[in-house]
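# Tertiary structure, described
Chain residues, written in single-letter form:
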Amino acid sequence: MKYLVVFLVIAMGEITIGEAKSCLQCQAEGTNDCTGSPVTCQDNFDSCTTSFTFMSFLNSFKSVVTKGCTSILPLCYNDITLAAHNAKLVHHNQCCYQDNCNVGSIIMPRQNTTKNGYYCPSCFVEGSTVCNRPAKYACYGNNEDCFEYIGAGVFPGGQPNKYYIAGCITKKACTYKYSTILRSLIGYGAIRCSSGQTANN
Ligand SMILES: *[C@@H]1O[C@H](CO)[C@@H](O)[C@H](O)[C@H]1NC(C)=O
């Protein structure tokens with residue numbers, strides 16, 4: 001009887017392992033599709049994703065398509081954008097919930113660039129992590145919070161360097177581990193967020 005119990009526990013353990021999601025994983029630049037190979041997701045990763053990120057810094061830009069697993073479900077329903085003087089990043093995500101369902105290409109939807117009444121201090125500094133004279137930047141779309149990116153990074157068209165970049169970011173983006181995504185795309189800087197200011201204060 002004891003052996004039977006041990007056997008059942010092991011069998012159930014295997015069933016649990018078998019339930020981990022599998023998603024296609026790949027990354028490519030300058031295209032809107034990549035051919036992924038299946039990977040087993042970590043236990044709390046509920047969704048497969050295909051994402052498209054567009055970045056522009058000074059006069060250089062690049063786009064990256066990424067497929068994989070995600071545990072950040074708010075990304076399935078919200079695009080994330082950062083906008084500042086000389087810097088812009090748009091991250092669009094499509095999620096699906098079956099094993100290896102994240103096949104096919106992705107199209108970036110048109111962005112809402114209507115000004116929303118919020119303002120953030122904005123700055124773009126390369127080669128240093130200090131901004132001496134932030135300018136006032138008018139936020140648009142769903143960018144109602146302010147961000148500061150401080151530290152190392154590799155931005156499109158550039159070499160690894162130190163940066164201080166500040167501007168507007170999608171409301172609440174900082175609360176959903178967005179820094180993890182930024183690190184995979186840009187580097188190892190820290191990102192800090194705060195509420196945007198309205199013109200009246
Ligand atoms: C675009 O953004 C503005 C400002 O946040 C908002 O008032 C408007 O409803 C948005 N339009 C669409 C189509 O989402």
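Here the structure is shown first, and the text comes after it.
So, a few notes on the structure that sits alongside this text. Everything numeric in this text was worked out from a predicted model, so none of it was measured.

### Here we look at the overall build of the chain
- Helices and strands together make up the secondary structure of the chain, namely two helices and twelve strands.
- Listing each helix as α and each strand as β along the chain from the N terminus yields α-β-β-β-β-β-β-β-β-β-β-α-β-β.
- Taking contacts inside the chain between residues at least 6 apart in sequence as the whole, the part at least 24 apart equals 71%.

### Here's the deal with unusual backbone geometry
- Of note in the backbone geometry, N86 takes a positive phi value of approximately 70° without being a glycine.
- Mapped onto the secondary structure, N86 falls in the loop between β5 (80–84) and β6 (87–96).

### Description of the nonpolar core
- If you look at the biggest cluster of nonpolar residues, it comprises 28 residues, and the most contacted ones within it are L82, A84, I165, A166 and C168.
- For this core, the elements supplying multiple residues, two or more each, are β3 (47–57), β5, β6, β7 (115–126), β8 (135–140), β9 (143–153), β10 (161–170) and α2 (178–185).
- Dropping the residues within four chain positions of it, A166 is found in contact with A84, C120, P121, S122, C123, C131, P134, C146, F147 and E148.

### Topic: the pairing of β6
- One ladder, built from ten bridges, connects β3 with β6; its direction is antiparallel. Paired with M55 across the two strands is L89, which belongs to β6.
- As judged from the five bridges shared by β5 and β6, these two strands associate in the antiparallel manner. Opposite A83, over in β6, you have K88 as the bridge partner.
- The turn joining β5 and β6, which pair antiparallel and follow one another in sequence, is formed by two residues; a positive phi near 70° is taken by N86.

### With respect to the environment of R192
- Counting through the fold element by element, R192 comes out in strand β11 (residues 190–195).
- Classification of R192 as partly exposed rests on a count of 13 C-beta atoms within 10 Å.
- Once you skip the residues sitting within four places of it in the chain, R192 turns out to touch F147 and E148.

### Considerations on the environment of A87
- Looking at the secondary structure, you find A87 in strand β6.
- The spacing of A87 and S122 is 35 residues in sequence and 9.7 Å in space, taken between C-alpha atoms.
- Setting aside chain neighbours within four positions, we find A87 in contact with F57, L82, F124, I165 and G167.

Reading the values: the criteria
Residues numbered from 1 in each chain as written. Predicted model: local features only at pLDDT ≥ 70, side-chain atom pairs only at ≥ 80, totals over all residues. Helix = DSSP H or I, 4+ residues; strand = E, 2+ residues; numbered from the N terminus. Contact = placed C-beta atoms within 7 Å. Core = buried A, V, L, I, M, F, W, Y, C linked by C-beta atoms within 7 Å. Buried ≥ 20, exposed ≤ 12 C-beta atoms within 10 Å, placed from the backbone. Pairing = 2+ DSSP bridges.

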